[in-house]
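One letter stands for each residue in the lines below.
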Amino acid sequence: MAEEFITLTIDDIQVSIEKGSTILDAACKQNIYVPTLCYQPKLTRFGACRLCLVEIEGFRKLVAACTTPATEGMVVHTRTSEIDAMRKTVVELLLLHHPLDCLTCDRGGDCELQKLAFNLRVSDDRFGFKVEEYPVDDSNLFIQRNFKKCMLCGKCVRACDEVRNVGALGFFQRGFSTVIGYPYNKLVNCEYCGQCLSVCPVGALISKLSAFEARPWEVDQVRSVCAYCSCGCSVILEHKRDKLIKISSREGIGANDGLLCLKGRFGYDFVSADNRLTTPLVKTDKGFMPVGWAEALEFVAKRFNQIKREQGAAAIAGIAGSRCTNEENYLFQKFMRACIGTNNVDNYARLEHAPSVTGLMRSLGVAATTNSLAELCRTDAILLAGSNITASQVIAGIFIKQAVRNHGTKLIVIDPRSMEITRFADVWLRPKPGTDLAVINGLLHIILKSGWHQQQFIAEYTLGFDEFSKSIAKFTPKRVEALTGVPAAQLEQAAQIFAQADTGAVAYGMGITQQPYGLDNVSALINLSLLTGKLGREHCGIYALRSSCNVQGACDMGVLPDYLPDYQSVAQAEHRQKFEQSWGVKLPADKGLYLPQMLIKAQAGQLSAMYIMGENLIHAYPDYNQALSALKSLDFLVVQDIFPTDTAKLADVILPAASYAEKLGTCTNMERRVQQVRPAVPAPGEAKADWEILVELSRATGLAMNYTSPAEVMAEISQLLPDYRDINYKRLAGDGVFWPAQDGEGEGEGQRYFTFEDFAEGKGRFSTSEYHPPAGEENYPFILITGGILFHHATGTMSRRTKGLSYLCPEGYIEINPEDADKLGIKEGELVEVVSSVGRVQAKAKVDDRYQPGIVFMPNHFANMPVNKLIKVKLETVSHLPASKYTLVDIHKLGV
């Protein structure tokens, strides 16, 4: 339906704007300045500050521009003597209880009230009245609240409620005693995201991390990409004299639209941590000894060449990091294939979303999320499975909450855990752990039997429907309820909601993929999208909620044993030939070792050397004992990282790398958005960017990769990878580009969502799978679920070295249901021992009812509580993912 426009006149300028807009909207559209303090474009209009008062011809009094609708033919004046006098009075009243300490205020020079006072020539207090004062509130770890400076604009309250859907702040007291604060003066729901900080127009809220580090005009700003999760948020790195002092964002930019989580906003001081690696280290009989770069790289090259000569290239393997840039991952796999001569190369995606790569390639021919994150905000129905999304991919979680609140989106959650996102669900399906496939097949059965499937869509755009339809016939609601514990009525309600919605999205996380039959789970979710016709168009897609900032990019760049860059099979001669012509070498045709196979071969003495770039494998791999044994069995291990991790301590050579804030490159987030990473500060000591190390190492091995900048690497990528065609650094100057990026002359943003023309066969292919119930094990009565929490990320390499995040959650724990805790005589905070068939770990008990009796949870970020000591992996047979999401354990209270 076409938008209806109206025309009005503001300060003798005609403005056309959508009907329903306010006068302030119209003024902003025409860049006509109207002062405000309480206005924020994406928040409800509040009208509290009264600074946006304007005159409308025919009206008896001044009105607030932010709350008054614009109407056809309206004539508005924003500057008259009466308006200026009124605004000046408003500012004078605001200054009654606002200290005039601009010289020492952290916001001095960047304060909206200060600017208004200057513009209106407010110089003294002519009222002489003082309101009640409150002490500074320091209860928040990251944010200081100064009540004296608060304007009561309410932006922080509305941002917390409307944007984050948290509601940790509110107005308290009345009249002159009114303050903004926390209920009962306690941080009840605060997520420490800093959204309130980002909208405060004055110095009432300041960041404790950056307070008094620099004046606004002393700070240089660099736009980059957050180093944590796969949302790939745009961030502004603020730095002064080679020191990173603050991270912010800006509304309207990037995938995050200015939003950040606490890790993205406050989790940056690891960059300047004292224990950063600063010089190459070589292990000797006396321990690690610092050496120069030339000596270190010559030694590494000599050992690699020796092993290759004596045992063959297949005796060497490489594992790349999901937080390294696209250029670095591309060079890493090129080094392994062209310089070493092996396809034994893999990345962290193997441990988390390998079933996504395999399942999406098998069904659609594309190994990526099909639609943009922004589309979630206006999707009619969302099915979220196996993801604590508001802790692990926070910004995507915010988009889903906003969709429910603002668009009326119906949300279905499949997860055994009680989480923040389940509060927003219309239907929460709570299956027994390990039974997700039965639940999804049950939904498919109901949709098909009820005739809610899209028959014309299926006939035109899918393959394999007949075989698929037979395979789900036995998943009746009653049987599924018996298998999973999910009531049949709930299952039917969820099926109807999703099937009958006009648009719908499926999003899933590692709770789906990291199961023994994770590929079957992923394939069943793809089946759901195909059956209901929710693919190939806007607001209809599949979202693989990956963990780290460049997991997608690492796979795109070919850090996989069976695929060259852009998922071009190593087994196909025409694919190899293209890269051979470009690289000037003959490439191996045999598929390489998957990461789990590398460890098995190393344990058996059949793999001699390994090169690990940017991954703490000891804690990333779900079986600690196997990873430790394998790495100790190697003849030669090289680790390239920013910290001396537990994996690095096992190495023969440690190469110090630059962090994300110290190098140039690109990353690809979960929605396929390629964005530029830019340096703000220099790397410490002699540390180098990973791409520089790889270039210099290639020269030392005798087959030089001669690049002088990441831009040159991207130029090669754009030539050899069809989906990255026409991507260059000039084009990435703004919000990035979605691949596939072919846009003629290299203009535009690429494709936000896939159509069926982008799929391998022009169609989607249904899959079939056999349900396998989770196995029990005598003497281990509890099901252990592992995963991430809000305060940390992945193996904690960065977040545990961030003071604030470590203070909020300094150590691991085990969550246990109150009923189970009572039976075992366990109280909150007591130390317990968790025992499995392969190991034991001690942890403090955290008693709550987020999990049903018989289910416990342990976070996987902590080296001092390596939960992967408890896990004996089972390999998913097709995608080769080492499953970790279903482990049976027992719990013993210590000291009894």
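In this report, we go over the structure that sits alongside the text. (Residues numbered from 1 in each chain as written. Predicted model: local features only at pLDDT ≥ 70, side-chain atom pairs only at ≥ 80, totals over all residues. Heavy atoms only, no water.)

### A closer look at the sheet that holds strand β11 (residues 234-240)
So, point 1. The sheet built from 3 strands is open, its strands ordered β10-β11-β12 with antiparallel pairing. Each edge of the sheet is formed by a strand with only one pairing partner; in this case those strands are β10 (220-225) and β12 (243-248). Ignoring which end each strand starts from, the neighbouring axes of this sheet average 35° apart.
So, point 2. With 6 bridges joining them, β10 and β11 adopt antiparallel strand pairing. Among the inter-strand pairings, Arg-223 is bridged to a residue of β11, identified as Ile-236. (Pairing = 2+ DSSP bridges. Helix = DSSP H or I, 4+ residues; strand = E, 2+ residues; numbered from the N terminus. Axes fitted to C-alpha atoms, helices over the stretch in contact; angles between N-to-C directions.)

### Comments concerning helix α2 (residues 81-94)
So, point 1. Spanning 14 residues, α2 covers 20 Å between terminal C-alpha atoms, matching the ideal 20 Å at 1.5 Å per step.
So, point 2. Among all positions in α2, only Ile-83, Arg-87, Val-90, Val-91, Glu-92 and Leu-94 are buried.
So, point 3. Elements in contact with the buried residues of α2: β3 (53-56), β5 (75-77) and α3 (112-119). (Expected span 1.5 Å × (residues − 1). Buried < 20%, exposed > 50% of the residue type's maximum accessible area, 1.4 Å probe, protein only. Contact = heavy atoms within 4.5 Å.)

### Looking at the packing of aromatic side chains
So, point 1. Applying the stated criterion across every chain yields a total of 27 aromatic pairs.
So, point 2. Between the aromatic rings of Phe-332 and Tyr-611, the centroid separation amounts to 5.1 Å while the plane-to-plane angle is 50°, which identifies the pairing as tilted. Remark: Tyr-611 occurs in strand β25 (residues 609-613) and Phe-332 occurs in helix α8 (residues 326-340); sequence separation between them is 279 residues.
So, point 3. Overall, the relative accessible area of 0% leaves Tyr-611 in the buried class.
So, point 4. On the numbers, 5.4 Å between centres and 70° between planes, the contact of Phe-457 with Phe-756 is edge-to-face. Here the residue Phe-457 occupies a position in helix α14 (residues 455-461), and Phe-756 occupies one in the loop between β30 (737-738) and β31 (764-765), the gap between them amounting to 299 residues. Take Phe-457 and Phe-756: they sit in the same class, and that class is buried.
So, point 5. Put simply, the rings of Phe-457, Tyr-461, Tyr-724, Trp-739, Phe-754, Phe-756 and Phe-759 pair up and form one aromatic cluster.
So, point 6. Cation over ring: Arg-145 sits above Tyr-182, and NZ or CZ is 5.8 Å from the ring centre.
So, point 7. Stacked on the ring of Phe-754, the Lys or Arg Arg-672 has its end atom at 4.1 Å from the ring centre. (Phe/Tyr/Trp six-rings, centres within 6.5 Å; stacked < 30°, edge-to-face > 60°. Lys NZ or Arg CZ within 6 Å of the ring centre and 35° of its normal.)

### Quick notes on helix α12 (residues 394-407)
So, point 1. The first and last C-alpha atoms of α12 sit 19 Å apart over 14 residues, in line with the 20 Å expected at 1.5 Å per residue.
So, point 2. Of all 14 residues making up α12, 11 are buried, and the element is well covered by its neighbours.
So, point 3. Buried within α12 we find Val-394, Ile-395, Ala-396, Gly-397, Ile-398, Phe-399, Ile-400, Lys-401, Gln-402, Ala-403 and Val-404.
So, point 4. Contacts made by the buried residues of α12 are with α4 (155-163), β17 (381-385), α11 (389-392) and β18 (410-414).
So, point 5. Once α12 finishes, Gly-408 follows within two positions and takes phi at roughly 80°, a positive value.

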